[in-house]
Amino acid sequence: MKKRVLLTLCGIAALAAAIVCLPVSREINTTAAATEYRLDDPAYAVEHTVTIQGRDARNLLGYGHFEGTFAVSGFESGQPGWMIYTVFSNKKSLRTTYSSNPSGEPCTRDLFCLWANRDWSSFAGLIMEVSDKADNSSTGNFDPDTGRFLVSGPADREAAVAKAAALFRKDPYWHSLFQPPKS
């Protein structure tokens, strides 16, 4: 009797772990309005149209990845054939979005760090400042004082900063960018 109960409990625990840990893959095909802001200029707001198409595979804990297109009007990566790969994790580290151009070459253009909810109706991204090198490669960085960021939804800076803070909440460094200065 004890053995049967123990086996049943182990089976239920294994099933629960599988449900929580196995990624659920979903097709994403949406177009959304987003606004670009600058951290150092409260008046700066540029509206964009974002087309997101691809496959999001995340588990209930938020771990997983997205592979597809994240085309932002006015951005180089918005051209046909550009692909991105974003890894979502709960680790306290940078969430880099890797991109490649139509020939498959890796690129560092445009989005640097991207967060989105599971259905991509809400997203925020930090925009990398890119410098081209003499060897035709490029490097990028994000300046926490003057950087630009992109947030889904219409232009409302206060709501955008709150949304970015909520989406970046798992990463203390990036989350702190969207907090009001301490007096």
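The structure presented is a predicted model; accordingly, all values stated were derived computationally and were not measured.

A separate point is the pattern of salt bridges. Applying the stated criterion across every chain, the model contains five salt bridges. Its salt-bridge partner being D56, residue R26 comes within 3.3 Å of it at the nearest N-O pair. Of this pair, R26 sits in strand β1 (residues 24-38) while D56 is found in strand β2 (residues 41-58), placing the two residues 30 residues apart along the sequence. By relative accessible area, which is 0% here, D56 ends up buried.

Below, the discussion takes up the pairing of strand β3 (residues 64-72). A regular strand places its side chains so that they alternate between the two faces of the sheet. Of all nine residues that make up β3, seven are buried, and the element is covered over most of its length. Relative to β3, β2 is paired through nine bridges, and the arrangement is antiparallel. Within β3, the residue paired with T51 across the bridge is A71. Hairpin connection, β2 to β3: the antiparallel pair is bridged by five residues, and G62 has positive phi, about 95°. As defined by bridge partners, β3 adjoins strand β4 (residues 83-88) across five bridges and the pair is classed as antiparallel. Following the sheet pairing, E67 is matched in β4 by Y85.

Attention shifts here to unusual backbone geometry. Notably, W120 is not glycine yet its phi reads approximately 65°, a positive angle. By secondary structure assignment, the location of W120 is in the loop between β7 (111-116) and β8 (123-127).

About the criteria used
Residues numbered from 1 in each chain as written. Predicted model: local features only at pLDDT ≥ 70, side-chain atom pairs only at ≥ 80, totals over all residues. Heavy atoms only, no water. Salt bridge = Lys/Arg side-chain N within 4 Å of Asp/Glu carboxyl O. Helix = DSSP H or I, 4+ residues; strand = E, 2+ residues; numbered from the N terminus. Buried < 20%, exposed > 50% of the residue type's maximum accessible area, 1.4 Å probe, protein only. Pairing = 2+ DSSP bridges.

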